[in-house]
Amino acid sequence: MKSSTVTRTPGAGRAAASPGGGRTATRRRARIRRQLSTSPWLFAAPGLAIVAVFSLYPFVSTIINSFTDKRTLIPGEYVGLANFRELLHDDMFWIGLRNSTLYVLVVVPALVLLPLLLAMLVQKHIPGITFFRSAFYTPVVASIVVVGLIWVWMLDERGLVNAVLEAVGVGKVGFLSDQWLLLFSAMAVTVWKGLGYYMIIYLAALANVPRELHEAAAVDGAGAVRRFFSVTVPAVRSTMVLVGALSSVAAFKVFSEVYLMAGPTGGPAGEDTTLVMLVQRTGTGLTGRVGYASAISVVIFVVTVALMLLVLRADRKEDA
């Protein structure tokens, strides 16, 4: 018998196995790409779920309810723009809009300027300055309910402030009984509580202002006031815009300070009612008009967005 010799070409085995191995490698790369594309969403899923349940769904539900006559225990039916037309003839809505707008006009400039001056004061490295920084920031961490009650006790007819005024011969002042004094007292509480929060934001901004700019301005003969307007303000202008946007939205949506100081009725004859207080009063309770309160909430949302756009537009004009 003759033995047959089989001749094998080098690399033939690898060539035969390469199609299967190539497909395996391709599938592995595809699986890795899928994992890389889905892994970030898996990490973000809990946060997205919280936002969807507690922010997105209430927002969409409020818009839908604003076009219905829904009540607390009644589903309601579609009524179109009837709720918004009713707003135009509701005296309490215009009172709330007036008070909320006035709140913005008074509180926002104070919270833009005063924390900046306070930050410039406490950024100096002098003995004991840490104590003052902590003292100025303490109202921020205090509960708004506690702060409101303390100020109510102080401004009451038999409170500390009136006792001091009476002792010096001025006489008692109706901080909580007069319509305008009550509203401005609530504004003072809002400013007092927000000073420390915005002071910290300004401190971070002032830390990035080069000292050389102040030294150069001082060499040119600029005083403290001139350096403030020519060096400090331009350097922290973007921070001032941020503070203005945040404080304007918060001021327009004010609730706790006025509610605690004026009571559920909104002060004398309800003249100190704000829009958010009107939403709370109208949309709660067994007979609450959820649809009408939702319409007021939509107006608040539109106005707050408009306020932020105005602030951003003003900032862009100054950049131009």
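Right above here is the structure, for reference.
Computed from a predicted structure; not experimentally measured.

**Q** Give me the overall build of the protein: which residues, what numbers.
**A** Summing up its helical and strand segments, the protein has 13 helices and zero strands in all. Listed by position from the N terminus, the elements making up the protein come as α-α-α-α-α-α-α-α-α-α-α-α-α. Since a compact globule built from 320 residues should have a radius of gyration of about 20 Å, the 31 Å found for the protein marks it as more spread out than a globular shape. Over its C-alpha atoms, taken along the principal directions, the protein stretches across nearly 135 × 70 × 40 Å. A burial count over the protein gives 33% of its 320 residues as buried. Within the protein, counting contacts between residues at least 6 apart in sequence, those at least 24 apart form 68% of the total. Charge centroids of the protein, computed over 29 positive and 18 negative side chains, lie 27 Å from each other.

**Q** Talk me through the pattern of salt bridges; I want residue IDs and the actual numbers.
**A** As enumerated under the stated definition, the model contains two salt bridges in all. A salt bridge links Glu-86 to Arg-289, with the shortest nitrogen-to-oxygen separation between them at 2.9 Å. Separated by 203 residues along the polypeptide, Glu-86 in helix H2 (residues 82-88) and Arg-289 in the loop between helix H12 (275-283) and helix H13 (290-319) bring together distant segments of the chain. Using a relative accessible area of 31% as the deciding quantity, one classes Glu-86 as partly exposed.

**Q** Can you tell me about a nonpolar patch on the surface, naming the residues and giving the values?
**A** Side chains of Leu-56, Phe-59, Val-60, Ile-63, Ile-64, Phe-301, Val-302, Val-305, Leu-309 and Leu-312 sit close together on the surface and give an oily, nonpolar patch of about 840 Å² of accessible area. When contributions to the nonpolar patch are tallied by element, the ones reaching two or more residues are helix H1 (12-65) and H13. As for its position among the elements, Leu-56 is in helix H1. With relative accessibility at 49%, the residue Leu-56 sits in the partly exposed group.

**Q** Please give an account of helix H9 (residues 224-235) that cites residues and values.
**A** Residues spaced three or four apart along an α-helix point in a common direction, a consequence of the helix completing one turn every 3.6 residues. For H9, built from twelve residues, the straight-helix expectation of 16 Å at 1.5 Å per residue is met to within 8% by its first-to-last C-alpha distance of 15 Å. What H9 keeps buried is the set Phe-228, Val-231 and Thr-232. One side of H9 holds all its buried residues, which, seen down the axis, span an arc of 125 degrees. Within H9, the exposed residues directed more than 90 degrees away from the buried face are Arg-226 and Phe-229. Buried-residue contacts for H9 involve helix H3 (91-122), helix H7 (179-206) and helix H8 (211-219).

**Q** I'd love a proper account of the packing of aromatic side chains, names of residues and values included.
**A** Here the structure, examined in full by the defined rule, presents eight aromatic pairs. Ring centres of Trp-151 and Trp-192 lie 5.6 Å apart, and the angle between their planes is 70 degrees; on these two criteria the pair is classed as edge-to-face. On the criterion of sequence distance, the pair formed by Trp-151 in helix H5 (residues 144-155) and Trp-192 in helix H7 is long-range, its members being 41 residues apart. Taking the centre distance of 5.0 Å and the plane angle of 80 degrees together, the rings of Phe-228 and Phe-229 count as edge-to-face. For Phe-228, a relative accessible area of 11% translates into the label buried. The ring of Tyr-292 has Arg-289 lying over it, and the distance from NZ or CZ to the ring centre is 4.5 Å.

Conventions we followed
- Throughout this document, residue positions are counted from 1 along each chain, in the order its sequence is written.
- Only residues with pLDDT of at least 70 get local features here, since the model is predicted, and only at 80 or more are side-chain atom pairs given and counted; chain-wide, interface and lining totals rely on the full set of residues.
- With hydrogens and water stripped out, all remaining heavy atoms of the structure feed into the side-chain values.
- Runs of H or I in DSSP of at least four residues are treated as helices and runs of E of at least two as strands, each being numbered from the N terminus.
- With C-alpha atoms as the basis for the radius of gyration, the globule rule is written as 2.2 Å multiplied by the number of residues raised to the power 0.38.
- Relative accessibility decides the category of a residue: with a 1.4 Å probe and only protein chains considered, values under 20% of the type maximum give buried, values over 50% give exposed, and everything between is partly exposed.
- Residues count as neighbours in contact if any of their non-hydrogen atoms are within 4.5 Å of one another.
- Neither His nor the chain termini are counted; the positive set is Lys and Arg, and the negative set is Asp and Glu.
- Lys charges are placed at NZ, Arg charges at CZ, Asp charges at CG and Glu charges at CD.
- What makes a salt bridge here is a side-chain nitrogen of Lys or Arg within 4 Å of a carboxyl oxygen of Asp or Glu, nothing more.
- For patch detection, residues must exceed 30% relative accessible area and be free of salt bridges, and they are connected within 9 Å for like charges or within 5 Å for nonpolar side chains (Val, Leu, Ile, Met, Phe, Trp, Tyr).
- Surface exposure here means Shrake-Rupley accessible area, sampled with a 1.4 Å probe, where a residue is shielded only by the protein chains that are shown.
- By this rule, a helix spans an expected 1.5 Å times one less than how many residues it contains.
- Working note: the arc is built from the helix axis to C-beta atom directions.
- Stacked, edge-to-face and tilted are the three classes for Phe, Tyr and Trp ring pairs, Trp counted by its six-membered ring, which pair at centre distances within 6.5 Å; planes under 30 degrees apart are stacked, over 60 edge-to-face, the rest tilted.
- Any Lys NZ or Arg CZ that is within 6 Å of a ring centre and within 35 degrees of that ring's normal is treated as a charge sitting over the ring.

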